[in-house]
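Fold and contact review
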Amino acid sequence: MSHIDSDETAPLLRDDDEDYGSRWRSIRVMYFTMFLSSVGEEDSHHFCSADASFLGWMVAAYSLGQMVASPLFGLWSNRRPYREPLVCSISINLAANIYYAYAYLPRSNNKYHMLMSRVLVGFGAGNVAVARSYIAGATSLKERTGAMANMSASQALGFILGPGAAQGRGGEVVRPSSFIQGVGLEHHVDEDGNHVRSINYTSEERVDIQDEEVETVDQCAVLTSNILFFVVMFIFAVFETIATPLSMDMFAWTRKEAVLYNGIIMVGIGFQSILVFLVVKVAALRFGDRPVLLAGFFIVFCGFLMLLPWGNHFPKIQWADLKNNSLTSLMSLGPSPANGTLEPTGCPYVQTWCQYTPAIYLAQYITSDFLIGVGYPACNVMSYTLYSKVLGPKPQGVYMGWLTASGSGARTLGPVFVSNVYTHLGPRWAFSFICGMVMGAMILLAAAYRRFVAFSVRHGRVVE
């Protein structure tokens, strides 16, 4: 979206330093809330040893819990003060993490206790929808993109620090006392930055703002936004899930090496994304929100296109290890310290595509990681920034709940896609499908391009 010229968009709260400072303090609390939710989300690799199928459920449990909770917390925030669902969700998150920390204690069925705790942690993280809704209502159009980018940067920082924080506490991520969400006043401004009473619940002191009943939200833009956000989250879920098996197949890394090297890459991408969020704020002011979103999708497309196999170099096949290593040679090498056996490396022979699909070069892989690490953050923040602007000044809790639920659903389906498409058909089909999906998202965005304008611009209150 183009930036709004006109000084009318400058927030009028600067004339009242106390209100302005209080409003931004409350917004920064939402940044911290997003950080805490992200810390819990990236704790998925500290699981008990379980079979592969159950581990898939463990990974999906967080997203399933968040998918269910997001619309519920969003509806709650529409009808009551924001602090109520936030305090409730943080309390659930705290209790769930304590439960998760001690889920290994039962002598039988402890993996089911861990599964339930992960669902509850995800349920508590449904407050992401409330945080986004609050920031949308507490910022003017001019402030919105920057505030959303800062919130995404806080989330990325949580992804980076989450595993270390969890490991340092034996899996328990300690939440601060919930009173931090209850202090201070809630703030709501219109799209020009004028301070108004909160409109998300009814009270005796409520002051009605301009009647919005006759000015409807563009439901086509709303639906398109949810589809685009689903695509954004799905491709990232595939990207982070496929990293370990892909690198083991293509580069003959052991599982330990793959986890270590990809962990380093993901931390690097996390720091890179924080820089991207800072650049996005400037780019959106200069070029507009819609071009930045479209550019983000194009960069992601190039990243997955880079991963398509080509050339005459083929991956190492695991059966070559088994064929060339006799029992005598294996015994002479001695057992590995990890599990008492030598871990075969390379592409498993049961994956028939390994025998005719060219290998992906390490340079391809790293270049792709870089491109996706640039495009994904831009798509992520701009998709829900545009969404919040399309919705306008009305309470956005339920709408943000559905957006968060669509993203959680995408992250649930990502591992399923990897286990079925990549494992059976190989990277050529898997990444071609992703490229097609991203291209479809770009076409959809181009078709609905004119609909992605701010509510106030659409109804002629602000000149674009």
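The rules we used
Residues numbered from 1 in each chain as written. Predicted model: local features only at pLDDT ≥ 70, side-chain atom pairs only at ≥ 80, totals over all residues. Heavy atoms only, no water. Helix = DSSP H or I, 4+ residues; strand = E, 2+ residues; numbered from the N terminus. Buried < 20%, exposed > 50% of the residue type's maximum accessible area, 1.4 Å probe, protein only. Contact = heavy atoms within 4.5 Å. Areas by Shrake-Rupley, 256 points an atom, 1.4 Å probe, with all protein chains shown as cover. Disulfide = S-S within 2.5 Å. Salt bridge = Lys/Arg side-chain N within 4 Å of Asp/Glu carboxyl O. Phe/Tyr/Trp six-rings, centres within 6.5 Å; stacked < 30°, edge-to-face > 60°. Lys NZ or Arg CZ within 6 Å of the ring centre and 35° of its normal. Core = buried A, V, L, I, M, F, W, Y, C linked by side-chain atoms within 4.5 Å. UniProt positions renumbered as here; feature names shortened; annotations may be inferred.

As for the overall build of the protein
Check the secondary structure of the protein and you find 15 helices and 2 strands. Split into buried and exposed, the 464 residues of the protein put 53% on the buried side. Within the protein, counting contacts between residues at least 6 apart in sequence, those at least 24 apart form 85% of the total. Within the structure as shown, the protein displays about 21,000 Å² of accessible surface, and the carbon and sulfur contribution to it stands at 64%.

Topic: the state of the cysteines
Under the defined criterion, the tally for this structure stands at 1 disulfide. Linked covalently through their sulfurs, C347 and C354 form a disulfide whose S-S length is 1.8 Å. Between C347 and C354, the S-S dihedral sits near -50°, and the bridge is therefore left-handed. For the pair shown, C347 and C354 are each scored as buried.

A short note on the pattern of salt bridges
Scanning the entire structure with this criterion turns up 5 salt bridges. With a shortest N-O distance of 2.3 Å, E240 and R411 are connected by a salt bridge. Within this pair, whereas E240 is found in helix 7 (residues 219–251), its partner R411 is found in helix 13 (residues 397–425), the two being separated by 171 residues in sequence. You can call E240 partly exposed: its relative accessible area is 25%. Salt-bridge contacts for K389 lead to D289; the nearest nitrogen and oxygen are separated by 2.6 Å. One end of the pair, K389, is in helix 12 (residues 362–391); the other, D289, is in helix 9 (residues 289–306), and 100 residues separate them in sequence. On the basis of relative accessibility, which here comes to 6%, the residue K389 falls in the buried class.

A closer look at the packing of aromatic side chains
Each aromatic ring pair is characterised by the separation of its centres together with the angle its planes make. Per the stated rule, a full pass over the model turns up 16 aromatic pairs. Ring plane angle 80° and centroid distance 5.1 Å describe the contact between Y82 and Y134, whose orientation is recorded as edge-to-face. You can see Y82 sitting in the loop between helix 2 (52–79) and helix 3 (83–101) and its partner Y134 sitting in helix 5 (residues 127–138), a full 52 residues away along the chain. The residues Y82 and Y134 share a single accessibility class, namely buried. With a centroid separation of 6.1 Å and an interplanar angle of 10°, the aromatic rings of F230 and F234 are classed as stacked. Of the two residues, F230 and F234 are both situated in helix 7; the distance of 4 residues between them amounts to about one turn of the helix. Note on F230: relative accessible area 27%, which makes it partly exposed. Among the aromatic residues, those joined into a cluster by ring pairs are F230, F234, F417 and F433. Cation over ring: R118 sits above Y100, and NZ or CZ is 5.7 Å from the ring centre. Positioned above the aromatic ring of Y384, the side-chain terminus of R132 is 4.2 Å from the ring centre.

Overview of the nonpolar core
By size, the foremost hydrophobic cluster in this structure holds 95 residues, and its most contacted members are L246, F297 and F304. A total of 18 residues in this core trace back to one element, the largest contributor, which is helix 7. What L246 contacts, discounting residues up to four positions off in sequence, is L307, I360, Y365, Y422, P427 and F431. Of all hydrophobic cores here, the second largest spans 6 residues; its members include A61, Y100, M114 and L115.

Examining the environment of S419
The residue S419 is located in helix 13 in this model. Its relative accessible area of 38% is what places S419 among the partly exposed residues. When the C-alpha positions of S419 and T241 are compared, they lie 9.4 Å apart, and in sequence the two are 178 residues distant.

Some words on the UniProt feature "transmembrane region" (unreviewed entry) in the protein
The residues that UniProt annotates with the feature "transmembrane region" (unreviewed entry) are residues 54–74, 86–103, 115–135, 220–239, 259–280, 292–311 and 429–449. Annotated as residues 86–103, this span is 89% helix and 0% strand, and its ends, taken at the C-alpha atoms, are 25 Å apart. Secondary structure across residues 220–239 comprises 100% helix and 0% strand; the distance between its end C-alpha atoms is 29 Å.

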